[in-house]
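The chain contents come next:
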Amino acid sequence: MTDYALNDRGSLDVVTENFYDTEIMRVFGGLSAGRAQTWHGLAALVPEPDNPFDPRTVSVRVGENKVAHLSAQDAHRYWHPLSRVIASGYTPVVPLHLEADLLRQDGVAEVDSRAVIDIAPPDLLFPLNTAPAQAAVLPQGSSIKVLDEQEFAEYLHSIVPASGEGRVILTLEVNKVRNSHGVTVDTVDVLYERKQVGRLSTQMSEQFIPIIHYAFEHDLLTAVWGTIRGSSFEVSMTLQSVRASEVPAQWFEELPNDVPELLPDAEHFDVPPAYVAVESDHGRNAKKWRKGFVAAHPDTPAPTGARGFAARFLGERSQGTEQRRAAASTAASPTDAASTGAPGAGHAGGPGSTAARTATAEAPAADGGVAALMDGHDGELVPAGETREGTGTRAASSSDAKTLVGGMTPLVTGLLVLTAILVVLGVVLLGVEPLATTLVLIVAVATGFMAVYLHRTL
């Protein structure tokens, strides 16, 4: 689709920290540790109604690489205007400023990044009018004052929106005027909808005249973004454009009209599916997972360490565990089922029953286990105490987690024994095979550290 350049008179921070490391690396073509790099260019804003995590996600993409997304609040604010652009058959684009650095923490390489897009507030994204079809629109830049606009105040007051401010598309034309010294000079007139609303200063006109002539030679008008502000007492006009020396060479080659006409505004616009999974959706870094979990659920502590891993791993198995237990209960004999209500008989309902003992054994695990589990398939949070079925699931998961943790104790012991054997072997080889001694001691140190880490974590 053709790009639609949104009004970029403003800035907005976007989210980069959640799982875009691989895609950001691709944009930079690689990063060096300890050396921050920057990238500037156009990025597309793509609504993703089919996003499995949040159907109101707006991603920021450089080519095929998804490098960021808008925060939930900003995505809600910009969803409607972006949907209008896409429904009109265009791709909304904005300038992106991306900064990234490669860090190493705990022996793991991570991309530390920050991104800002240039974009106006939602109510100022679109101009009040449409750019002429046969026009080349200059890139936006700093503001330039339009002179003599008070001579056209009556017409300008009819343009000013009720909010008192609006963006417009203006055209520039060269005209000859006689100055105060009686000398005829070239000046640039500013027009709105083919009607003059002001002019540029002589100095500023000299900068734009060559550009206007170049576009005219290609049968095109020269258009620029502008801003009109006014009240019942006064009105002012400025235009926002890069200076002649700042116009990129690509503009002269393409002479783009990237502000085409859109569909009339409506309450709702259909947006096609656009979700694309990033690399980390297939295997998310544990530290990134915890960071994203805390951001999404600030009131719930994210599981950490080996226990957090066990909770997330067993969260996927808990449903199967409950199903197996339910099947076992269903398979019980009718006689056993009928005797459930017998007090103290040692059956299912009595204090000495297997079910009672199981419930008693699992209760501490449920109280001391993970407060909330993250499903490995759909990222769905299951809060503690939500339903009885959920409580049973977490109890089973916590019990299995303790079994897993307890099963790792022999591993720690084995690592310590291996460390001791390697140290003895190193001492024996000392003075005989120096290289072998060095290698053996290195392995011994590694296994020792692993044993200490597992012991402290579990």
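Heads up: these notes are all about the structure in this document. (Residues numbered from 1 in each chain as written. Predicted model: local features only at pLDDT ≥ 70, side-chain atom pairs only at ≥ 80, totals over all residues. Heavy atoms only, no water.)

A look at the overall build of the protein chain
This is how it is decided: Every helix listed is a DSSP run of H or I at least four residues long, and every strand listed is a run of E at least two residues long, numbered separately from the N terminus. Note on contacts: a residue pair is in contact if any heavy atoms of the two residues lie within 4.5 Å.
What the protein chain contains, in helices and strands, is 12 helices and 16 strands. Of the contacts made within the protein chain by residues no fewer than 6 positions apart, 70% connect residues no fewer than 24 positions apart.

Observations regarding the pattern of salt bridges
Two side chains that carry opposite charge are able to pair once their charged atoms sit near each other. Let me state the cut-off plainly: Basic side-chain nitrogens of Lys or Arg form a salt bridge, by our definition, when they fall within 4 Å of a carboxyl oxygen of Asp or Glu. Each residue is assigned to one of three classes by its accessible area relative to the maximum for its type, calculated with a 1.4 Å probe on protein chains only: buried under 20%, partly exposed between the two thresholds, exposed over 50%.
As enumerated under the stated definition, the model contains nine salt bridges in all. A salt bridge links arginine 61 to glutamate 48; the shortest N-O distance between them is 2.7 Å. Residue arginine 61 is located in strand β4 (residues 57–62), and its partner glutamate 48 is located in strand β3 (residues 37–48); the two are separated by 13 residues in the primary sequence. The buried category is assigned to glutamate 48, whose relative accessible area is 0%. Across the pair glutamate 173 and arginine 194 runs a salt bridge, and its minimum N-O distance is 2.7 Å. Pair noted here: glutamate 173 is in strand β10 (residues 165–178) and arginine 194 is in the loop between β11 (184–192) and β12 (195–199), with a separation of 21 residues, a long-range link. Overall, the relative accessible area of 24% leaves glutamate 173 in the partly exposed class. Each of Glu48, Arg61 and Lys66 takes part in salt bridges that share partners, so that together they form one network.

Here's the deal with the nonpolar core
Definition in use: In this description, a nonpolar core means a group of buried Ala, Val, Leu, Ile, Met, Phe, Trp, Tyr and Cys residues linked to one another through side-chain atoms lying within 4.5 Å.
In terms of nonpolar packing, the biggest core is built from 45 residues, with Leu6, Leu45, Val60, Leu70, Leu96, Ile117 and Ile119 touching the most fellow members. Among the elements that make up this core, the one with the highest residue count is strand β6 (residues 90–105) (six residues). Setting aside chain neighbours within four positions, we find isoleucine 119 in contact with Leu6, Asn7, Asp8, Arg9, Gly10, Ser11, Leu12, Leu45, Tyr78, Val94 and Leu125. Grouped together as the second largest cluster of nonpolar side chains are 32 residues, Leu138, Ile159, Ile211 and Leu239 included.

Things to note about the environment of leucine 156
With respect to the element layout, leucine 156 can be found in helix α3 (residues 153–157). Overall, the relative accessible area of 0% leaves leucine 156 in the buried class. Distance from leucine 156 to tyrosine 192, taken between C-alpha atoms, is 9.2 Å for residues 36 residues apart in sequence. Contacts of leucine 156, omitting those with residues within four sequence positions, involve Glu149, Val197, Ile228, Val235 and Met237.

So, the side chain of glutamine 37
Among the secondary structure elements, glutamine 37 is positioned in strand β3. Sequence-distant contacts of glutamine 37, defined by excluding residues within four places in its chain, comprise Phe28, Gly30, Leu31, Ser32, Leu98, Glu99 and Ala100.

Concerning the packing of aromatic side chains
Defined as follows: Ring geometry is summarised as follows: Phe, Tyr and Trp rings, the Trp one being its six-membered ring, pair when their centres sit within 6.5 Å, and such pairs are stacked at plane angles under 30 degrees, edge-to-face over 60 and tilted between the two. Whether a charge lies above a ring is judged from NZ of Lys or CZ of Arg, which has to be within 6 Å of the ring centre and within 35 degrees of the ring normal.
Enumeration over the complete set of coordinates arrives at five aromatic pairs. Each ring, one from tyrosine 155 and one from tyrosine 192, has its centre 6.3 Å from the other, and the planes form 55 degrees; the classification is tilted. With a gap of 37 residues between them, tyrosine 155 in helix α3 and tyrosine 192 in strand β11 connect regions that are remote in the sequence. Tyrosine 155 sits in the partly exposed class, given a relative accessible area of 23%. Judged by its relative accessible area of 8%, tyrosine 192 is buried. Every member of this aromatic cluster is reached through a ring pair, and the members are Tyr4, Tyr90 and Phe126. The positively charged end of arginine 84 is found above the aromatic ring belonging to phenylalanine 126, 5.1 Å away from the centroid.

The analysis is restricted to geometry; functional conclusions fall outside its scope.
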